[in-house]
Amino acid sequence: MSRDYPLDKVRNFGIIAHIDAGKTTTSERVLFYTGVSHKIGEVHEGEAVMDWMEQERERGITITSAATTCFWSPTYNKDDKFRFNIIDTPGHVDFTAEVERSLKVLDGGVVVFDGVAGVEPQSETVWRQADKYKVPRICFINKLDRTGASFERSYQSILDRLTKDAVRAQLPIGEEENLVGVVDLMKMKAYYFEGNMGTDVIEKEIPEELKADAEKYRAEFIEKIVENDDVLMEKFFAGEEIAVEDLKKALRVGVIANKVVPVFTGSALKNTGVQLVLDAVVDYLPSPIDIPPITGIDPKTGEEAIRETTDEAPFAALAFKLQTDPFVGQLTFFRVYSGKLEAGSYVLNATTGDKERVGRILRMHSNDREEVKVVYAGEIAAAVGLKKTITSDTLCDPAHPIELHKIEFAEPVISLRIEPKTKADQEKMGIALRKLSEEDPTFKVKSDEETLETIISGMGELHLEVLVDRMKREFNVEANVGQPQVAYRETITGNSEAEYKYLKQSGGKGQYGHVKIRLKPMDHDVDLEKLPKNVKRDETMEFIDSIKGGVIPSEYIPACQKGVKESMDRGIVAGYKMVDVSCELYDGSYHDVDSSEIAFKLATAYAFTEAVQKLSQ
Amino acid sequence: MKVEVVVPDKFLGDITGNLSSKRGQIEGTHERGNNIVAIDAQVPLSEMFGYTTALRSMTEGRGNITMEFDHYAIVPQNVAEDIKKSRG
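Below is a summary of the structure that appears in this document. Predicted model only: the values in this text are computed from it and were never measured.

**Side note on the overall build of chain A**
- A count of helical and extended segments in chain A gives 13 helices and 33 strands.
- Burial status across chain A gives 56% buried among its 617 residues.
- For chain A, restricting intrachain contacts to residue pairs at least 6 apart in sequence, the fraction spanning at least 24 positions comes to 69%.
- Surface summary for chain A: the accessible area is close to 27,100 Å², and the carbon and sulfur share equals 49%.

**Concerning the pattern of salt bridges**
Residues and elements named next belong to chain A.
- According to the stated counting rule, one finds 30 salt bridges over all chains in the structure shown.
- Between D131 and R137 there is a salt bridge; the shortest N-O distance is 2.9 Å.
- Its relative accessible area of 39% is what places D131 among the partly exposed residues.
- Note on R137: relative accessible area 3%, which makes it buried.
- In this structure, the salt-bridge partner of K516 is D587, at a minimum N-O distance of 3.7 Å. Of this pair, K516 sits in strand β30 (residues 511-521) while D587 sits in strand β33 (residues 581-589), and the two are 71 residues apart along the sequence.
- For D587, a relative accessible area of 26% translates into the label partly exposed.

**What about helix α1 (residues 23-33) of chain A?**
All names here are of chain A.
- The buried fraction of α1 is high, at 11 of 11 residues.
- Among all positions in α1, only K23, T24, T25, T26, S27, E28, R29, V30, L31, F32 and Y33 are buried.
- The positive-phi residue at the C-terminal boundary of α1 is G35, with phi of around 85 degrees.

**Regarding the packing of aromatic side chains**
Residues and elements named next belong to chain A.
- Counted by the stated rule, this structure contains seven aromatic pairs over all chains.
- Note on F236 and F237: the rings are 5.5 Å apart at their centroids and 65 degrees apart in plane angle, and the pair reads as edge-to-face.
- On the basis of relative accessibility, which here comes to 61%, the residue F237 falls in the exposed class.
- Ring pairing ties together the aromatic residues Y500, Y502 and Y606, which thus form one cluster.

**With respect to the side chain of R252 of chain A**
All names here are of chain A.
- Mapped onto the elements, R252 comes out in helix α8 (residues 244-256).
- R252 gets classed as buried once you look at its relative accessible area, which sits at 18%.
- Of note is the side chain of R252, whose polar atom sits 3.3 Å from the backbone oxygen of V282.
- Filtering out sequence-adjacent residues up to four positions away, R252 remains in contact with R11, V282, D283, Y284, L285, P286, S287 and D290.

**Description of the sheet that holds strand β12 (residues 294-297) of chain A**
Residue and element names in this part refer to chain A.
- One open sheet holds the three strands; their spatial order is β13-β12-β24, and the pairing between them is antiparallel. The two strands at the open ends of the sheet, each matched to only one other strand, are β13 (304-307) and β24 (403-404).
- As paired strands, β12 and β13 are joined by four bridges and run antiparallel to one another. The partner of I297 across the bridge, within β13, is E304.

**Quick notes on the pairing of strand β32 (residues 541-545) of chain A**
All names here are of chain A.
- β32 sits mainly inside the fold: four of its five residues count as buried.
- The pairing of strand β31 (residues 535-537) with β32 spans three bridges and is antiparallel. Paired with K536 across the bridge in β32 is F543.
- Counted between consecutive antiparallel strands, the loop separating β31 from β32 contains three residues.
- Relative to β33, β32 is paired through five bridges, and the arrangement is parallel. Note on β33: the bridge partner recorded for M541 is V581.
- You can see the chain leave β32, run along helix α12 (residues 557-570) and come back into β33, and the turn it takes is left-handed.

**Concerning the packing of α1 of chain A against helix α9 (residues 274-284) of chain A**
Residues and elements named next belong to chain A.
- Running from N to C, α1 and α9 cross one another at 85 degrees; their axes reach a closest spacing of 10 Å. By the angle class used here, α1 and α9 are roughly perpendicular. For the pair α1 and α9, contact is made by R29, V30 and Y33 and by V274, Q275 and L278, respectively.
- Within the contact of α1 with α9, the residues separate by chemical class into four nonpolar, one polar and one charged.

**Observations concerning the sheet that holds strand β8 (residues 181-184) of chain A**
Residue and element names in this part refer to chain A.
- Taken in spatial order, the four strands line up as β7-β8-β9-β10 in an open sheet, and their pairing is antiparallel. Here the strands that pair on one side only, and so sit at the sheet edges, are β7 (170-173) and β10 (200-204). Taken over all neighbouring pairs, the strand axes of this sheet differ in orientation by 30 degrees on average, direction set aside.
- Across the sheet, α9 is in contact with β7, β8, β9 (189-194) and β10; its angle to β9 comes to roughly 125 degrees.

**Re the pairing of strand β22 (residues 380-384) of chain A**
All names here are of chain A.
- Burial within β22 is extensive, with five of its five residues counted as buried.
- The alternating pattern of β22 places I380, A382 and V384 on one face and A381 and A383 on the opposite face, and all of these are buried.
- Relative to β22, strand β15 (residues 329-338) is paired through five bridges, and the arrangement is antiparallel. Following the sheet pairing, T332 is matched in β22 by A383.

Each value, and the rule that gives it
Residues numbered from 1 in each chain as written. Chains lettered and ligands numbered in written order. Predicted model: local features only at pLDDT ≥ 70, side-chain atom pairs only at ≥ 80, totals over all residues. Heavy atoms only, no water. Helix = DSSP H or I, 4+ residues; strand = E, 2+ residues; numbered from the N terminus. Buried < 20%, exposed > 50% of the residue type's maximum accessible area, 1.4 Å probe, protein only. Contact = heavy atoms within 4.5 Å. Areas by Shrake-Rupley, 256 points an atom, 1.4 Å probe, with all protein chains shown as cover. Salt bridge = Lys/Arg side-chain N within 4 Å of Asp/Glu carboxyl O. Phe/Tyr/Trp six-rings, centres within 6.5 Å; stacked < 30°, edge-to-face > 60°. Polar contact = N/O pair within 3.5 Å; in protein donor to acceptor, adjacent residues only side chain to side chain. Pairing = 2+ DSSP bridges. Right-handed = clockwise from strand over helix to strand, strands pointing away. Axes fitted to C-alpha atoms, helices over the stretch in contact; angles between N-to-C directions. Parallel < 35°, antiparallel > 145°, perpendicular 65-115°, else oblique. Nonpolar A, V, L, I, M, F, W, Y, C, P; charged D, E, K, R; others polar.

Given below as structure tokens:
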């Protein structure tokens with residue numbers, strides 16, 4: 001079976017933007033126009049196809065990036081057909097990991113802006129993330145039907161805050177409630193969207209009042225395009241008319257090289273302009289063969305290796321997302337960079353060295369799935385049956401190993417205590433937290449050594465809130481979360497000494513322990529190799545045994561050290577763990593009958609507390 | 001905590017002032033292009049709870065912060081007294 005779509009007719013792209021700019025609304029339109037869904041699911045009604053998780057529908061936000069496949073025939077050529085693999089990403093900074101990994105595996109991006117607000121903080125963040133992975137972009141200024149929307153102002157904010165390479169590719173016809181269509185500056189035509197849900201794209205002449213502006217901005221647009229093409233540049237300066245086809249080609253080259261960012265406009269909610277953006281995706285965003293071949297490391301030699309994007313090359317893919325599916329178990333989303341993968345075959349996880357069998361391969365339509373036998377280079381699909389593969393692992397042909405560059409994720413910044421509500425929840429909570437942290441690389445779980453409480457860390461309060469909520473719904477675990485806290489430490493800053501005699505000799509077997517100790521701050525800059533034999537130290541404390549002539553028998557010395565250690569762990573001043581103390585045991589006495597380990601341990605502990613308290617006064 | 005605050009440069013003064021009032025030490029600032037500036041600072045964790053929200057309200061929502069643990073430092077006397085009280 002050969003591939004059903006030639007590679008140059010595949011577009012892997014993502015929709016990225018600030019919170020509430022209309023990413024999901026736009027993707028819903030895309031699904032409708034491409035015939036995947038027969039009814040437009042509205043985000044604000046909680047019915048979006050791409051937002052399938054319960055929390056997403058309730059909150060009206062996107063939490064996980066959903067991948068979906070659809071087909072599109074450009075409006076100007078209905079016989080051609082392209083396959084789109086679209087990823088809809090979340091806007092909140094708390095879910096930045098989703099955006100990061102989506103950008104890593106995408107070839108291009110449609111950046112959506114709110115026509116009222118223009119560039120917003122998260123647009124800046126995702127723009128910088130896209131810069132990092134050199135993802136070619138086109139812009140879509142959305143929501144132009146809203147009161148206060150301005151194409152010109154939004155466009156200027158892109159120039160000011162994001163890139164000087166942005167250029168108008170369209171003009172709106174009317175703004176706010178008068179928005180009726182858009183002008184294409186390339187073809188110099190006006191487009192109106194009529195019929196049910198704007199499905200009919202009507203081409204007309206540009207309205208008189210917009211003609212002057214259109215001419216002016218077209219010149220700007222063309223100047224920007226020809227900057228990257230010497231032949232066209234000459235033609236342009238000679239004043240010759242350049243064919244639309246040539247301009248398109250030059251613009252495509254410019255966009256793929258990240259030198260031009262065309263700006264489109266419309267309103268997804270009012271069904272204006274979305275089809276033309278899809279045409280632009282076809283015309284200007286790269287197909288998998290337009291981007292440079294993926295590079296990685298050959299694990300055997302440690303040398304740089306390259307995989308060409310062809311079906312004949314050895315198989316190489318990057319796992320970028322794990323998702324627990326209630327029906328089929330764990331799904332591993334991966335992007336195939338080269339070669340092909342058949343269901344039932346074995347792959348090598350080059351990151352861990354494990355060999356795994358790919359049971360089934362699924363092509364995802366947000367939460368619905370379609371089983372396929374083979375996936376080819378340039379595609380995005382999900383595998384069932386990979387048990388040892390986690391996010392950003394490389395999957396490859398066992399005969400031709402390669403390790404692709406990993407996705408870098410930010411470190412968590414907020415921590416909270418979490419405890420199960422009932423005893424029965426305890427074990428379930430452990431499993432739930434492990435699964436969630438496997439899915440989300442920015443969510444970490446650890447247990448506090450001091451209090452044995454479970455601490456969860458994530459990218460922000462919303463992030464942790466959503467995860468705790470998911471734990472409740474998907475894993476049925478009830479949990480209490482605490483306030484964020486600081487784990488202070490105690491230490492000493494000066495020298496001190498103390499003596500303590502622990503006595504209990506009131507008849508029968510008595511207790512006798514007598515120690516003299518000196519304390520000083522621990523010096524970390526010492527050569528561990530050259531420590532004298534009587535010094536015992538670990539990360540947090542140092543114990544020096546300076547007992548001469550057996551005034552304390554050597555069998556009681558470890559007990560003394562234990563007394564110090566336990567006092568330090570408990571803390572003296574405010575109950576926080578004490579660190580960096582050097583304690584020298586230099587004198588004492590013992591009793592032939594009454595001395596015991598416990599007596600010396602207690603004597604040292606009391607002496608230690610006294611010595612520390614002297615310093616804190 | 002090692003803190004990096006990224007804000008549009010018109011908020012630079014407000015933010016550095018605010019960080020200093022949180023016992024923070026500003027270690028430097030650098031341009032990020034497009035009128036964005038990044039401020040590097042050392043600030044105690046106990047002062048940073050709820051900072052994300054505070055930062056957003058101070059910067060029209062355009063500020064961004066990342067922080068990570070750097071080292072332990074001596075708590076000033078007055079703060080130490082408060083901690084001791086709260087721990088009984």
